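Listed here are the chains, written in short residue letters.
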Amino acid sequence: MFNFYSLKALYLCAIFFFSTYHLAAQETIHLKAEAEDMTPLVREALENATDKNLTLVFDKGIYKFLPDYATQQYSYITNHGNGLKNIIFLLEDFDSVTIEGNGAEFIFHGQVAPFQIRNCGKLTVKNLKMDWDIPFLFQGEVLAIDKKQGWRDIKPFTDGFSWELKKDRIFFPNIDGFSFPELGSTLAFNAEHKRVAHGAWDMSSRPRWVEKRPNGVLRFHEHLKQYPAVGSILNSKGDHDHNRYAPAFQITSSKDVHLEDVTIHHALGMGLLFERTENITINNCGIYVREGSDRVVSTIADATHFANCKGDILIENSTFKHMLDDGTNVHGTYVVVDKILNDHSVRVYLQHFEQMGFEFAASGDEVWLIQQPSPKRGPENTVTNVAVVNDKYSDITFKNKLPHSLAEGDILENKTWNPTFTMRGCTIKDHRARNIVLKTPLKTVIEGNNFSAMMSSIFFRGETYFWFESGAVEDVLIQNNNFEYSAYSGMEHAILNITPRLGKDFDQTEIYDRNIRFINNNIKTFDNRIVWADRVDGLIISGNTIEQTREELSLYPNAHQFDFKNCKNVEILNNTYKGNAEKVLKTEGSSTEKIKFKRNKGFANHEK
């Protein structure tokens, strides 16, 4: 057999070594951790790649990446801040990309976007760890508080953190000339368990001034609505306009993605973000702080996030902890009709400021028209052309005539870009917000997982109000999961929470979500709320074992275990409860007399 090899020379004073060779139209680049800054070497290697099928192979070692010589591009990143980004690995228009980490550890510094992968036909990433040398966080232990005078004493963490007290203000992370203008989003954590403190509230911190005290203590002069407990850890991530620089991975317009044994200890936004990507498998991956670290936060935002994806999404045998937002969020995107241009065309706009530049639709996509006041998916039409006006507005032309009743303010939802979703064998815990946020009409299965969430564990919220994330569900199975210690935020939540949030011009009583089965789950909870549902048709709650624990004090002892508003076809059957909650079932609106409550054991009231 004839093999053709080409070996690229060693360069940059032998600091870095890589080789490429072609075999069956496959280019392989080998990399070793032999430079103080690997960024320019990786950039050159990728820019010199000549084949559409690329493999990157890393020797085991520690690789450091600085922003100075990164590729700079203006980037649209949904649910993050758009702008000029320092990109380390920019991979575009490959037929296939394989990244074999071999246990390599990537350490990033400063404002960088580690991976931006666009329009790749097949992507495989294996056996890789990622972290930052200095997190973009301020963290300190609460030593004392005075609610009357409005101050709190904090002993800041210094080892591995970066901040400066200047002119009575805290500047962090104080890296390469960048600092947040304020402490911003701040949350209290339980020091022992490295999870959000019981009953904690999100707050935005803007101290009047910060005073230097003896022994490295700082006094923050600021009146708060809710004060953290002495002994807790306060963690700040900066202001909302700047604290989501980029995810560890942004994968856009690609397909057949397989991530395995990828661990992310920190990121300046989400861990894994997928946009308009088809067929995704995440297996045996992790997002959590490094073992032995005194950090309490891993990623700044969601562990995983899927926006307008399609095909099959599978997350299996993975662990997500310590992030400052959801374990996963699966959703589409609503756009709003701005103008009716003609019988076949409309001008639409994106609503949320972190959606600007998002590709809502392309030629060939099928789109639902949703006409106020009903949130129901209406007529379907096929896109023939999209003309982008700017990052907010686009003109969409359809194959068939639009209904005369379509009006400004109505919304569109992309039917084509919705996935099936499966999560099994995963652990999601010790983080802010929800374990899973689900918004896809296709088949969804959540089974055999271990969940613990500050807010609701399973959350359904399609909305035309703030985020404009679409996806009324129609086929969801949640079974054989373990829920332990959830809904411990200061704000009221539930284990399973179904709560669409629609704009004022939509009917607030009409059914939104459908066909959800919550069966054979094990629930251990300190509080009352189990299921809290609004505007759902077809909800089965069956075979669940619920135990009230004494782990923490109840936050909402007067809440009902099952609370329904404007629901129908709800069945609560064959569940078992051990505890002393007295308020079991509440119905409002059209839910009254439409709830079956039968053959349940241990609950305070009898059959209904």
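It should be emphasised that the depicted structure is a prediction, and the values quoted were computed from it without experimental measurement.

(A) Molecular detail of the overall build of the protein. The helix and strand tally for the protein stands at one helix and 53 strands. Its C-alpha atoms put the protein at 80 × 70 × 50 Å along the principal axes. Each of the 608 residues in the protein was classed as buried or not, and the buried ones make up 58%. A sequence separation of at least 24 residues applies to 70% of the contacts in the protein between residues at least 6 apart. When the accessible surface of the protein is summed, it comes to about 24200 Å², and 47% of that surface belongs to carbon and sulfur atoms.

(B) Summary view of the state of the cysteines. Tallying each qualifying case throughout the model produces zero disulfides. Cys285 takes part in no disulfide bond, and the closest cysteine sulfur, belonging to Cys426, lies 9.5 Å away. Between Cys309, a free cysteine, and Cys120, which holds the nearest cysteine sulfur, the sulfur-to-sulfur gap is 15 Å.

(C) Representation of the confidence of the model for the protein in the model. The pLDDT averaged across the protein works out to 94; a share of 95% of its residues lies at or above 70. Per-residue pLDDT stays below 50 along residues 1–24; that stretch engages in 49 contacts with residues further than four places along the chain or on separate chains.

(D) Just the nonpolar core, in detail. Counting residues in hydrophobic clusters, the biggest one holds 141 residues, and the most contacted among them are Phe106, Phe249, Leu539, Phe562 and Phe564. If near-sequence neighbours (up to four positions away) are discounted, Phe564 is found in contact with Val531, Ala533, Leu539, Ile541, Val570, Ile572, Leu585, Lys586, Thr587, Glu588, Ser591 and Ile595.

(E) Spotlight on helix 1 (residues 39–47). Restricting attention to buried positions, one finds in helix 1 the residues Thr39, Leu41, Val42, Ala45 and Leu46. Buried positions in helix 1, seen along its axis, are confined to an arc of 170° and lie on one side of it. Tucked into the core, helix 1 has its buried residues touching strand 2 (27–31), strand 3 (53–58), strand 4 (62–65) and strand 6 (83–92).

(F) Expanded view of the pairing of strand 8 (residues 113–118). Counting buried positions over the six residues of strand 8 gives six, a clear majority of the element. Here five bridges tie strand 6 to strand 8, and the two strands are oriented parallel to one another. Within strand 8, the position partnered with Leu90 by the bridge is Gln116. Where strand 8 and strand 20 (residues 249–252) come together, four bridges link them in parallel fashion. Residue pairing for strand 20: Ile117 is matched across the bridge by Ile251.

(G) Quick peek at the packing of aromatic side chains. Scanning the model with the defined rule gives 33 aromatic pairs in all. Centre to centre, the rings of Phe115 and Phe249 are 4.3 Å apart; their planes meet at 5°, and the pair counts as stacked. Here Phe115 is found in strand 8, whereas its partner Phe249 is found in strand 20, with 134 residues between them in sequence. Of the two residues, Phe115 and Phe249, both sit in the buried class. Through pairs of rings, three or more aromatic residues link up here, namely Phe58, Tyr63, Phe65, Phe89, Phe106, Phe108, Phe115, Trp132 and Phe249. The ring of Tyr245 carries the charged tip of Lys85 above its face, separated from the ring centre by 4.3 Å.

(H) Seen up close, the pattern of salt bridges. Applying the stated rule across the entire model yields 33 salt bridges. Where Arg206 meets Glu182, a salt bridge forms, and the shortest distance between an N and an O atom there is 3.1 Å. Placement of Arg206 in the loop between strand 16 (203–205) and strand 17 (209–212) and of Glu182 in the loop between strand 13 (169–171) and strand 14 (184–190) is noted, with a sequence separation of 24 residues between them. The network of salt bridges with common partners includes Asp202, Arg244, Asp325, Glu354 and Arg432.

(I) Spotlight on the side chain of Asn435. In this structure, Asn435 sits in the loop between strand 35 (427–429) and strand 36 (436–438). Beyond its immediate chain neighbours, meaning those up to four positions away, Asn435 contacts Asp326, Gly327, Thr328, Ile428, Lys429, Phe451, Ser452, Ala453, Ser456, Ser457 and Ser486.

(J) Fine view of the environment of Lys321. In this fold, Lys321 is placed in strand 27 (residues 319–321). Overall, Lys321 belongs to the partly exposed group, its relative accessible area being 24%. Note: C-alpha distance between Lys321 and His431 (110 residues apart in sequence) is 5.6 Å. Here Lys321 is in contact with Ile287, Tyr288, Ser298, Lys429, Asp430 and His431, once residues within four sequence places are set aside.

(K) A look at a nonpolar patch on the surface. On the surface, Tyr74, Tyr76 and Leu84 cluster together into a nonpolar patch covering about 330 Å² of accessible area. With respect to the helices and strands, Tyr74 occurs in strand 5 (residues 71–75).

(L) Representation of unusual backbone geometry within the structure. Between Phe172 and Pro173 the backbone carries a cis peptide bond, its omega angle lying at 0°. Note on placement: Pro173 falls in the loop between strand 13 and strand 14. Residues Gln372 and Pro373 are joined by a peptide bond in cis, for which omega reads 10°. Mapped onto the elements of the fold, Pro373 is located in the loop between strand 30 (366–370) and strand 31 (380–388). Of note in this structure, Asp168 is not a glycine but carries a positive phi near 65°. Within the fold, Asp168 resides in the loop between strand 12 (164–166) and strand 13. According to the relative accessible area criterion, Asp168 is partly exposed, its value standing at 45%.

(M) Up close: the pairing of strand 33 (residues 411–414). Here strand 33 shows a buried face lined by Ile411 and Glu413 and a second buried face lined by Leu412 and Asn414. As defined by bridge partners, strand 28 (residues 328–340) adjoins strand 33 across three bridges and the pair is classed as antiparallel. From the neighbouring strand, Tyr334 faces strand 33, where its bridge partner is Glu413.

(N) Just the environment of Asn515, in detail. Position of Asn515 relative to the elements: it lies in strand 44 (residues 513–519). Taking relative accessible area as the criterion, Asn515 reaches 32% and is therefore assigned partly exposed. Spatially, the C-alpha atom of Asn515 lies 49 Å from that of Asp59, the residues being 456 residues apart in sequence. Setting aside residues no more than four positions away along its own chain, Asn515 makes contact with Glu474, Asp475, Val476, Asp537 and Gly538.

(O) Focus on the environment of Glu552. Relative to the elements of secondary structure, Glu552 occurs in the loop between strand 48 (545–548) and strand 49 (562–565). Glu552 sits in the partly exposed class, given a relative accessible area of 26%. Spatially, the C-alpha atoms of Glu552 and His265 are 29 Å apart, while their sequence positions differ by 287 residues. Not counting residues up to four positions away in its chain, the partners in contact with Glu552 are Arg195, His198, Tyr485 and Phe526.

Basis of the calculations
Residues numbered from 1 in each chain as written. Predicted model: local features only at pLDDT ≥ 70, side-chain atom pairs only at ≥ 80, totals over all residues. Heavy atoms only, no water. Helix = DSSP H or I, 4+ residues; strand = E, 2+ residues; numbered from the N terminus. Buried < 20%, exposed > 50% of the residue type's maximum accessible area, 1.4 Å probe, protein only. Contact = heavy atoms within 4.5 Å. Areas by Shrake-Rupley, 256 points an atom, 1.4 Å probe, with all protein chains shown as cover. Disulfide = S-S within 2.5 Å. pLDDT = per-residue confidence, 0-100. Core = buried A, V, L, I, M, F, W, Y, C linked by side-chain atoms within 4.5 Å. Arc of directions from axis to C-beta. Pairing = 2+ DSSP bridges. Phe/Tyr/Trp six-rings, centres within 6.5 Å; stacked < 30°, edge-to-face > 60°. Lys NZ or Arg CZ within 6 Å of the ring centre and 35° of its normal. Salt bridge = Lys/Arg side-chain N within 4 Å of Asp/Glu carboxyl O. Patch = residues over 30% accessible without salt bridge, like charges linked within 9 Å, V, L, I, M, F, W, Y side chains within 5 Å.

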